[in-house]
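So you can see what is in the structure, the chains are spelled out below.
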Amino acid sequence: MVAAFVIVFGGCVTLTPQQQEMVADVQRFADGTATTYNLPRIRVTIEPATNLGIGGRYRQGNFYLNARTLGSGNLTALVAHELAHYVLGHEPLSGPSMAELLRAQELRELDANAKAVEILMRVRGMSQTEAVRTMVTHLRGAQAAIRCGGALAPGHRPPADEIANLLARFPDSAGTGAPAEERPASSPAVAVIPVAVPVWKPGDTWTFCLESPTGKGAYVWSVDREEMVEGVSHYVIKQGMREIFYRTADLAHTRETVDGALVRQHSPSRTRYAWPLAVGTTWEQAFREDRPVERRVIEREDVVSVEGEETLTVLAGTFRTLKIAYRNKRTTAIRYEEWYAPELKNAVRIRERLDSGLQVRELVAYSLQ
Ligand SMILES: [Zn+2]
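Keep in mind that what you see is a predicted model, and the values were worked out from it rather than measured.

Procedures and definitions
Residues numbered from 1 in each chain as written. Predicted model: local features only at pLDDT ≥ 70, side-chain atom pairs only at ≥ 80, totals over all residues. Pairing = 2+ DSSP bridges. Helix = DSSP H or I, 4+ residues; strand = E, 2+ residues; numbered from the N terminus. Axes fitted to C-alpha atoms, helices over the stretch in contact; angles between N-to-C directions. Contact = placed C-beta atoms within 7 Å. Expected span 1.5 Å × (residues − 1). Parallel < 35°, antiparallel > 145°, perpendicular 65-115°, else oblique. Nonpolar A, V, L, I, M, F, W, Y, C, P; charged D, E, K, R; others polar. Buried ≥ 20, exposed ≤ 12 C-beta atoms within 10 Å, placed from the backbone.

A. Summary view of the sheet that holds strand 5 (residues 62-66). The three strands are arranged 3-5-4 in an open sheet whose pairing can be described as mixed. Unpaired on one side and paired on the other, strand 3 (43-47) and strand 4 (56-59) mark the two borders of the sheet. Averaged over all adjacent pairs, the angle separating strand axes in this sheet is 25°, with direction ignored. Two elements, strand 4 and strand 5, share four bridges in a ladder whose sense is antiparallel. Within strand 5, the position partnered with Arg-57 by the bridge is Tyr-64. Packed onto the sheet, helix 1 (residues 17-36) meets strand 3 and strand 5 and runs at close to 145° relative to strand 3. The strands touched by helix 2 (residues 75-87) are strand 4 and strand 5; relative to strand 4, the strand with the most contacts, the crossing angle is about 15°.

Dropping the structure here:
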């Protein structure tokens, strides 16, 4: 795989060709902004991924972006916000006390969010409503990350306050297309057993906290549309720039793309669930997983069983679930476990054993149409 090295303070960041393209796109956005506002060109530098709540920062004519943000769905909003600091001339503050400095910084952040809307309109050609929605979605992501134990970005008020301030400045765009706020809920409804295949609707959204050996964070999964893949209807789930294709008839997992490029293909589609689901249901499946970007092909043979019913409490609430275990048929080692909540039409917890270690995802919020 071709990789480039971008020099950062005291180290290097390895970027994939796809990430290099994203960096080039960010630089074009920065150049377009400089031209539009008659300002000198600003240089984009990529910093190594950190777990701090900082996606990007602007300082004295330079714009630093955390490598982790490349490929996140929030990149456009994040870049617009940092460019707004530049356009507004936000150089380091000095003041009589820490409290006053902090307050001045918080106000600057609110101004930068609003200026970002203007930049998205003038430089990226978005409508005001689209631009406001882009910023609000980004701030909602920050809110979810905090619920998952992430840090509040220094100098910022809580995202909910920033959203309220932004919507107050653009009252025409408040409520028109800005996604509804997701609220954690708690309603341990009785699961109907056996469980039938659910129907997902465009706009259904599940937000998960993710913890793995390489980091911690939150991501939003939403049903975007239905699309035919080789003559078969699929739901398309959006997760940032990633699109995940699940067969409509049974939610079998067929493929994933990132920015339109195929990164994973299962042949045949991987059976996630054998419907109707009930305790004791078991199935076996052999399938091939192609990862063209990594040039890897993995042959798997899974034995799956619905092991039991569990009432599970996660950040999103308490739910009745069916616990499903996917084992390697040859070694009988557990590869993947999930707790499926019929009421939410999705898993509320997934434990996956990756090459790099254990990855756990837990539902933090959801919104069903
Ligand atoms: Zn800022």
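The rest of the description comes next.
B. Quick look at helix 1. Between its terminal C-alpha atoms helix 1 stretches 29 Å, which fits the 28 Å expected from 20 residues at 1.5 Å a residue. Looking one or two residues past helix 1, Asn-38 carries a phi angle of roughly 55°, positive in sign.

C. Just the packing of helix 2 against helix 4 (residues 128-147), in detail. One can describe the packing of helix 2 onto helix 4 by two numbers: an axis separation of 9 Å at closest approach and a directional angle of 100°. Here helix 2 lies roughly perpendicular to helix 4, going by the angle between them. Contact residues: helix 2 offers Thr-76, Ala-77 and Leu-78, while helix 4 offers Thr-134, Met-135 and His-138. Partitioned by chemical class, the residues of the contact of helix 2 with helix 4 number three nonpolar, three polar and no charged.

D. Inspection of unusual backbone geometry at higher detail. The amide bond that connects Ser-267 to the next residue, Pro-268, takes the cis arrangement and shows omega of -10°. Mapped onto the fold, Pro-268 is located in strand 11 (residues 261-270). Located in the positive-phi region is Glu-230, a residue other than glycine, with phi close to 45°. Exposure remark for Glu-230: the 7 C-beta atoms within 10 Å place this residue in the exposed category. For Leu-251, which is not glycine, the phi dihedral falls at a positive 65°. Along the chain, the position of Leu-251 falls in the loop between strand 9 (242-247) and strand 10 (253-258). The buried category is assigned to Leu-251, around which 21 C-beta atoms lie within 10 Å.

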